[in-house]
Amino acid sequence: MPEEERTKIAASLKAKGNAAYQQRKFATAIDYYTRAIAVTPKPEPVFFSNRAACYVNLNPPQHEKVVEDCDQALALDKNYLKALNRRAAALEALDRLEDALRDYTAAAILDKFQNMAAAEAVERVLKKLSTNKAQQIFASREKRLPSHMFTSAYFGAFRPRALPQLPENPSQGDHTLLMAFEALQASDYAHAFTLVTEAIEQGITSDASKAEALNLRGTFKFLMTDVEGAKADFLESLQLDPTLTQTWVKIASVWMEQGDPKQAFESFEKAIEYNPNDPDIYYHRGQVLFIMNEFGDAAENYTKSTELDDKFVFSHIQLAVAQYKSGNLANSMATFRKTLRAFPDRSEPQNYYGELLLDQQRYPDAIEKFDRAIEIERAKSTQMNVLPLVNKGLALFQWQQDVEAAEKCCQEALEIDPECEAAVATLAQLSLQQGKIDIALKMFDRQSQLARSEPELTSALTYQYATEAQVKFMQTYPEMAAQLGQMARMM
């Protein structure tokens, strides 16, 4: 049969297929498109794409066949948006989410981000993929302590207390418990956790000391995201010694983690019943209120905490931040200046004041505070808190777009503390904005490994999968790689 006649027959069969499709006679339409594919002298992507549309509408839909036909259509024309979107939808239905994300991302970029449905599909699949993966990882991940900086910050949020005293006839467990608290004082957290666990297993003489041990082990479990294990230890601790207000404060955090603020605030009230003069109760209740955006109530609790003990720097800092969040700029700045005078050798007021100045785009002033915080931290005998370094990098980037200086700050932070989540996250974003996709992917992967909570992990995975989808796009459409700058901004 001559080529021209075959082309006419194929066109006629396609027209009949289209008519059958309009009449929702999908099986008939499939037959016409199949015959058109067989007879045409030159394969046409539209034949495969139209047949794929029929497979979508069968009951039940035949998604595998949709993917096969769209593969054929896109092999003939990689810019064929209808086929790309159809394959993406079929892959999503088959739960092949990474492949679906690849196609939706390509469709969004090829359509120059004009199609809201494609953008919404990218967001939907990213959320589903990242959430599912985060759940899988957390279900199988070995429990571990977070970074040294995070752990230090958590323990530093409680006022120091005297070491437990050994009884007249101490047991091995009593001795081991004392060693655990000594390791805690030395910031040797992994050793402290091992020792307190051993102490409980060996047996501790008094109920009060065992309550302290359970409090400490529960704290480590909470930091390791073993929320149920922490809750069990805290409850047992309170059974042994209900006057231990720190345990009431910590179990309030457990209740908040489990989405029960009512129980959390009841725990704070119980703590106040046993010791209304414990300043830690009000500080941590302020923290919970702050998280709930109740900044005025949070400020009242921070103020109460400082009235009971004005030597605890974090109560002053959080009061200033709460005032700032409430819109009381003048009060906030005044509180910070007062705190800087009261704690001249602490880096934290300098760093957090710098963050507020950065938020106001007062870049030179912010950098001055970060530099002072870095100077104080470098002079310490213990491990440096690298957060001021990361903040300085952010300030330099926002102020002067000095990517090199910002990266240098973050890299130095990671040399000192390889598990600093803030440095990893900032480096990832800086790399992404510069188009250093390979480095960004490494940083996002590292961020996923360091994430200590499921929401943090989901966020890190979202960036990681989005970036991987961009890499796949560049491999398939190298001539359109310049479009990716807009994609990075959309993220």
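Predicted model only: the values in this text are computed from it and were never measured. (Residues numbered from 1 in each chain as written. Predicted model: local features only at pLDDT ≥ 70, side-chain atom pairs only at ≥ 80, totals over all residues. Heavy atoms only, no water.)

Participant: Is there a simple way to explain the packing of aromatic side chains in this structure?
Facilitator: Any aromatic ring pair is given by two values, namely how distant the centres are and how the planes are angled relative to each other. Evaluated as defined, the whole model comprises 17 aromatic pairs. Taking the centre distance of 5.7 Å and the plane angle of 55° together, the rings of Y154 and F158 count as tilted. For the pair shown, Y154 and F158 are each scored as buried. Ring geometry for F336 and Y353: centres 5.1 Å apart, planes at 20°, overall stacked. With a gap of 17 residues between them, F336 in helix α18 (residues 329-342) and Y353 in helix α19 (residues 347-359) connect regions that are remote in the sequence. Look at Y353 and you get buried, because its relative accessible area is 6%. In this structure an aromatic cluster arises from ring pairing among Y154, F155, F158, Y189, F193, F220 and F222. (Phe/Tyr/Trp six-rings, centres within 6.5 Å; stacked < 30°, edge-to-face > 60°. Buried < 20%, exposed > 50% of the residue type's maximum accessible area, 1.4 Å probe, protein only. Helix = DSSP H or I, 4+ residues; strand = E, 2+ residues; numbered from the N terminus.)

Participant: Would you mind going over the side chain of D241 with me for this structure?
Facilitator: Take D241: it is sitting in the loop between α12 (227-240) and α13 (245-257). The side chain of D241 is buried and forms no salt bridge, while R161, the nearest opposite charge, is found at 7.7 Å. Setting aside residues up to four positions removed in sequence, D241 forms contacts with A208 and A211. (Lys, Arg positive; Asp, Glu negative; His and termini not counted. Salt bridge = Lys/Arg side-chain N within 4 Å of Asp/Glu carboxyl O. Contact = heavy atoms within 4.5 Å.)

Participant: Explain the pattern of salt bridges here, please?
Facilitator: When the charged atoms of two side chains with opposite charge come close together, those side chains can pair. Applying the stated criterion across every chain, the model contains 26 salt bridges. One salt bridge in this structure joins R87 and D71, with 2.7 Å as the shortest N-O distance. Of this pair, R87 sits in helix α5 (residues 81-93) while D71 sits in helix α4 (residues 63-76), and the two are 16 residues apart along the sequence. Exposure remark for R87: the relative accessible area of 13% places this residue in the buried category. Since its relative accessible area comes to 34%, D71 is described here as partly exposed. Of the charged contacts, one joins R372 and E375 as a salt bridge, the two residues approaching to 3.4 Å between their closest N and O atoms. Taken together, the residues R372 and E375, both in helix α20 (residues 363-378) and three residues apart, mark about one turn of the helix. When salt bridges with common partners are traced through the structure, they connect D71, R87, R96, D99, R102 and D103 into a single cluster.

Participant: In this structure, what is going on with the packing of helix α16 (residues 295-308) against helix α17 (residues 313-325)? I would like to understand it.
Facilitator: Between two packed helices, the angle of one axis relative to the other and the distance separating the axes together describe the packing. Running from amino to carboxyl end, α16 crosses α17 at an angle of 155°, the nearest separation of the two axes being 9 Å. Viewed along their axes, α16 and α17 adopt a mutual orientation that is roughly antiparallel. Handedness of the α16/α17 crossing: left-handed. The residues of α17 that touch α16, namely those facing F295, A299, Y302, T303, S305 and T306, are S315, H316, Q318, L319, A322 and K325. Of the residues assigned to the contact of α16 with α17, the class counts are five nonpolar, six polar and one charged. (Axes fitted to C-alpha atoms, helices over the stretch in contact; angles between N-to-C directions. Parallel < 35°, antiparallel > 145°, perpendicular 65-115°, else oblique. Left-handed = near helix turned anticlockwise from the far one by under 90°. Nonpolar A, V, L, I, M, F, W, Y, C, P; charged D, E, K, R; others polar.)

No statement about biological role is implied by the geometric values presented.
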